[in-house]
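Residue-level structure breakdown
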Amino acid sequence: MSRGRIVIGNWKMNPGSSAEAVVLARSVAASPLATGVAVAVAPPALFLPAVAEALRASPVGVYAQDVHWEEQGAFTGQIAASMLAPVVLGVIVGHSEVRRDQGDDDERVAKKMVRALAHGLWTVVCVGETLDAYLAGRSASVVAAQTAVIGHAVAAAESVGARRDRIVFAYEPIWAIGTGRAATAAHATICADAIRAELQRSAGIDAEAIPVLYGGSVTAANASAFADARGIDGALVGGASLKAEFGAIVAAFSG
Ligand code: 13P
């Protein structure tokens, strides 16, 4: 089955100003856009309107880096899916840095996913194991356990039914993020298989239709290994998405 390919630049808490964000967005839009791969950037929330405006006439999509799970209300500092939906194409949920800094657990990540999908947003759900789990050979089981919670939420939430085709997974081993030590493509395939097997089991959906991205120290040098890996449909790129190198990563996933 052929799944769409997706490469997303997660800018995290970069760059330092809205003006710089617009320049960076324009540089992504100006690089030769590859065929057969959807390209998007995920700037900080404050820069979303300016970046979306800068990319309005381009095929480059805009994603938010996080979203709150409630519809609206007394949630200081948070942003609702209904507020994002007119501005962005999609949202990332469950990034390990958000799990670490905001205390998100799998249940909360699942609730965020359900809310985002209910608003028609493409939703990238991040899962990934710690270094300890990796060294103990427990990567696939940890990733499956995280995915099970998401899968049960997919099965339980009626609102998700119509929007299942907007679910994307990102396998991001925590030990590979920002370390310069990417997983091997073979390891990424094993974890992508674990994600799909668990989704099939817990959500009862055709998991072969769900794209799985790899994230963690993706560079121009290693992108083609992930592009060639069975079961991997794209990349979630951190540091390298702030550089011209991002264009080469996109090109590696191009058809
Ligand atoms: P790096 O590419 O900087 O390792 O970050 C990966 C990541 O966390 C993308 O969401």
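Below or above, wherever it landed, is the structure these notes cover. From a predicted model like this one, the values you see are computed outputs, not experimental measurements. (Residues numbered from 1 in each chain as written. Predicted model: local features only at pLDDT ≥ 70, side-chain atom pairs only at ≥ 80, totals over all residues. Heavy atoms only, no water.)

With that settled, consider the pairing of strand E1 (residues 5-10). Extensive coverage of E1 is indicated by the burial of five of its six residues. As paired strands, E1 and strand E2 (residues 37-42) are joined by six bridges and run parallel to one another. Directly across from asparagine 10, in E2, lies its bridge partner alanine 42. Where E1 lies against strand E8 (residues 234-237), four bridges are found, and the strand directions are parallel. Looking at E8, one finds that isoleucine 6 is bridged to glycine 234. (Buried < 20%, exposed > 50% of the residue type's maximum accessible area, 1.4 Å probe, protein only. Helix = DSSP H or I, 4+ residues; strand = E, 2+ residues; numbered from the N terminus. Pairing = 2+ DSSP bridges.)

Here we take up the site of the ligand. Surrounding the ligand, one finds 13 residues, the nearest of these being Lys12, His95, Gly178, Ser217 and Gly239. In this structure, an oxygen atom belonging to the ligand sits 2.6 Å away from a main-chain N or O atom of glycine 178. With respect to the ligand, the backbone of serine 217 contributes an N or O atom lying 2.7 Å from an oxygen atom. Protein chains shield 95% of the accessible area of the ligand, which is 310 Å² for the free molecule. (Near = heavy atom within 4 Å. Polar contact = N/O pair within 3.5 Å; in protein donor to acceptor, adjacent residues only side chain to side chain. Areas by Shrake-Rupley, 256 points an atom, 1.4 Å probe, with all protein chains shown as cover.)

For the rest of this paragraph, the subject is the side chain of serine 217. Note that serine 217 resides in the loop between strand E7 (212-215) and helix H10 (223-228). In this structure the side chain of serine 217 is engaged in a polar contact, spanning 2.8 Å, whose partner is the backbone nitrogen of glycine 180. With near-sequence residues (within four places) excluded, serine 217 lies in contact with Ala176, Gly178, Thr179, Gly180, Arg181, Ala182 and Asn222. (Contact = heavy atoms within 4.5 Å.)

Worth remembering: the numbers are spatial, not functional.
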